[in-house]
Each structure stands twice: as structure tokens, then as C-alpha cells.
Amino acid sequence: MRRRSVLFACALAGVASATARPASAWPGPYLTVAADGSGDVSSLQAAVDLVPSGNAGPFTLKIQPGEYKGQVVIPSDKPFIVFRGQGPDPSAVVISDDRANGTLKPDGTPWGTSGSASVTISGSDFSARNLTFANTFDEAAHPEITNRQAVAVLTRADRIVFDNCRFLGNQDTLYLNSPDATTISRVYLRKCHIEGDVDFIFGRATAVLDRCTIHSLTRGSTTNNGYVTAASTSLSNPYGFLLSECRLTSDAPPGTVFLGRPWHPSNDPAAVAEVTIRDSVLGAHIGPTPWSDFGTWPWREARYAEFHNRGPGAAVTADRPQLTASQAATRTIAAYLSGPDGWDPAR
């Protein structure tokens, strides 16, 4: 029997067999996913479906270069899944779908924002490395669709890691969420590239963006080309989004992009955005008053702060709350992510 067939049989049986591959070749069981049919499976969702429910350790999906179209859903009973792109850089493996909030299902109802996600992650301890997540919904080609939120990735679980990944979309690219408003879910993004225009990093999760590139696309406006964040942090949670040593870039005109606005889902008064941006380089696209109201919700009631930022879009003014040195000492990667279990994905 070929090694590939042994791996496939092991996955079907839900057994992590040491005979499926040399013990030193890969940590834990794995499947090879190849769009051209040369792997164990050609569909990423099919590979996820083969991971045993209740899996107790890393199960790696080695994803060969190619584009993998169609929605992917990782259920809550399948933790520890690893997506590992096998190309030379993140652009070699692209996981994509093309639906928006207002795209209609076969039954004639819209998918909604959450339903638009190309990849939905509800299993804890998920990690992804060296690949691209995209929502390729074409706004210009669908003027009939006015609800254009189009999510590339939606996370709903704890202890999620993205390393050297790209997230591509327009409105609502990266939805960092939790199962419910009382549950804290942590996400760590290391050296990733995230791009979009409106609210393209949003949700109530506790998330650290560490040394990431955050690219704002232009909408062709001379006054407002969108918002980087739309956090909806629960008031009981002191930690929302931390952007640490990031680079904020754009091809939009100077002063036309906001750092964020406070999202209150369903007008929930207990959703009070917390965003800290520190030790980062801000391009000229960030304006002198970088935080914006969200409808009737004023930005000054949110928990926004900067610390030691630099670049043409950085400044210290009355419209830009700054941390003191002692406050900054409590706004670290470890403070955001450690939690009661001492999680340390940045080590």
C-alpha cells in the first residue's frame, strides 16, 4: 500500500498511526491536501471532515500550492487542526470564497455577515502558517448587493494562531469573535498581512497583531477611505485588540483613513471597543483625528489608546489618547494573551 493510502486509511479510522509516516517527518498525524489530486484529498473541507472529532493533539493538513475555492468550516468538536501551506510564501496557497452578506442562498435569503465567511473556525487551538485567506466578492460586479460585508476568516474559538498568513478582502475582512459575549477567545497573529477598507479587523475577541502589515485599500474618496478596526469588546473584558510593532500602510490619499470606530452589535451598550496601537509605524493615510464615531456611538466613550507610534500618520494631540509609561507596561502581548492558563504563543 502506498504511504498516501496508509495516511488516508488512518484518517478515516480516526487513528494517529506512527506507521503512517516516519516518526521524525512530521509532528502528529497529517493529511496532504492537493488541488491537483496528487495528495490524500483535493478538497480542504474534505480534509477537515476526516479529522477525528475530539482530536486531542495537532492534526496537520499539509496544503500544497494552489487555490482552494469554497467555504471551509471547522466545527467546535475538532480542536488542534493545523493548516500549513507548503509553498515558498503565503501567496502560493490561497483559500477563498466569493459571497457577501447580501449574496442570496439557494432559498432566497441572504447569507449575512457571519455566513459570508470563506473560513469559519470554531475549533480551539487552531493554527495556520504560510498561506492566504481571501474573500473575492467583487463589489463592482454586483451593484445590486448593498450589504457588502464579505469575511475572509471568522474565528469563534480560543487559542488561535496565524503565522505568516495573508487576509484579503474589502469590508469586514477579518472577523475575530467568540462563541458569546461572556466568553473570552484569544487570537495571536504574527507577521501577517491584513488588508481591506471598511471595519476590516473587527469583533469582540482578544487579539494581538504582532509585527503585522495592515493595509488599507482606497475607496477612491478624498475624505473617507474607511476604518481599520471595529472592535466590539465586552465591557467586562479589559483586553480587545493590541497592535504591536505593526506597519499601517495604504495607497489612499493622506488623512482619509481612520484607525477605528466602536461597533455595538445590536446596539449593545456593554460592547465597548478596546484597541491599543503601540510602537507602530502609521502611514500618511491616517488622519489627525484617527478615531471615528459609529452612528450614535461616540468614539470618546470607547477604550482607545496609542503609545510610541511614529511615521507621518502618528501624532500626539487631544484627539489621540496616549498611554502613560506605567499604563503601557500593562498593555503587552503577554497581558493580552496569557489568561488563566498562561498561554504564550509568542515565545
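Quick caveat: nothing in here was measured; it's all calculated off a predicted structure. (Residues numbered from 1 in each chain as written. Predicted model: local features only at pLDDT ≥ 70, side-chain atom pairs only at ≥ 80, totals over all residues. Heavy atoms only, no water.)

**Side note on the sheet that holds strand 21 (residues 247-250)**
Note: strands within a sheet are paired through backbone hydrogen bonds, in either parallel or antiparallel orientation.
(1) Moving on: Strand order in the open sheet made by the 8 strands is 3-6-9-12-15-18-21-24, with parallel pairing throughout. Of all strands in the sheet, those bounded by a partner on one side alone are strand 3 (66-69) and strand 24 (281-282).
(2) Moving on: One ladder, built from 4 bridges, connects strand 15 (residues 193-196) with strand 18 (residues 213-216); its direction is parallel. Bridge assignment links Ile194 to a residue of strand 18, and that residue is Ile214. (Pairing = 2+ DSSP bridges. Helix = DSSP H or I, 4+ residues; strand = E, 2+ residues; numbered from the N terminus.)

**Remarks on the pattern of salt bridges**
Oppositely charged side chains can pair when the atoms bearing their charge come close.
(1) Moving on: Enumeration according to the criterion identifies 14 salt bridges in this entry.
(2) Moving on: Two residues, Asp125 and Arg159, come together in a salt bridge whose shortest N-O distance is 2.8 Å. Pair noted here: Asp125 is in the loop between strand 7 (119-121) and strand 8 (127-129) and Arg159 is in the loop between strand 10 (153-155) and strand 11 (160-163), with a separation of 34 residues, a long-range link.
(3) Moving on: Here Arg159 falls in the partly exposed class, since its relative accessible area comes to 23%.
(4) Moving on: A network of salt bridges, in which partner residues are shared, links Asp125, Asp158, Arg159, Arg186 and Asp341. (Salt bridge = Lys/Arg side-chain N within 4 Å of Asp/Glu carboxyl O. Buried < 20%, exposed > 50% of the residue type's maximum accessible area, 1.4 Å probe, protein only.)

**Observations regarding the environment of Ile145**
(1) Moving on: For Ile145, the position within the fold is in the loop between strand 9 (132-135) and strand 10.
(2) Moving on: Exposure remark for Ile145: the relative accessible area of 10% places this residue in the buried category.
(3) Moving on: Setting aside its immediate chain neighbours within four residues, Ile145 contacts Gly102, Thr103 and Phe137. (Contact = heavy atoms within 4.5 Å.)

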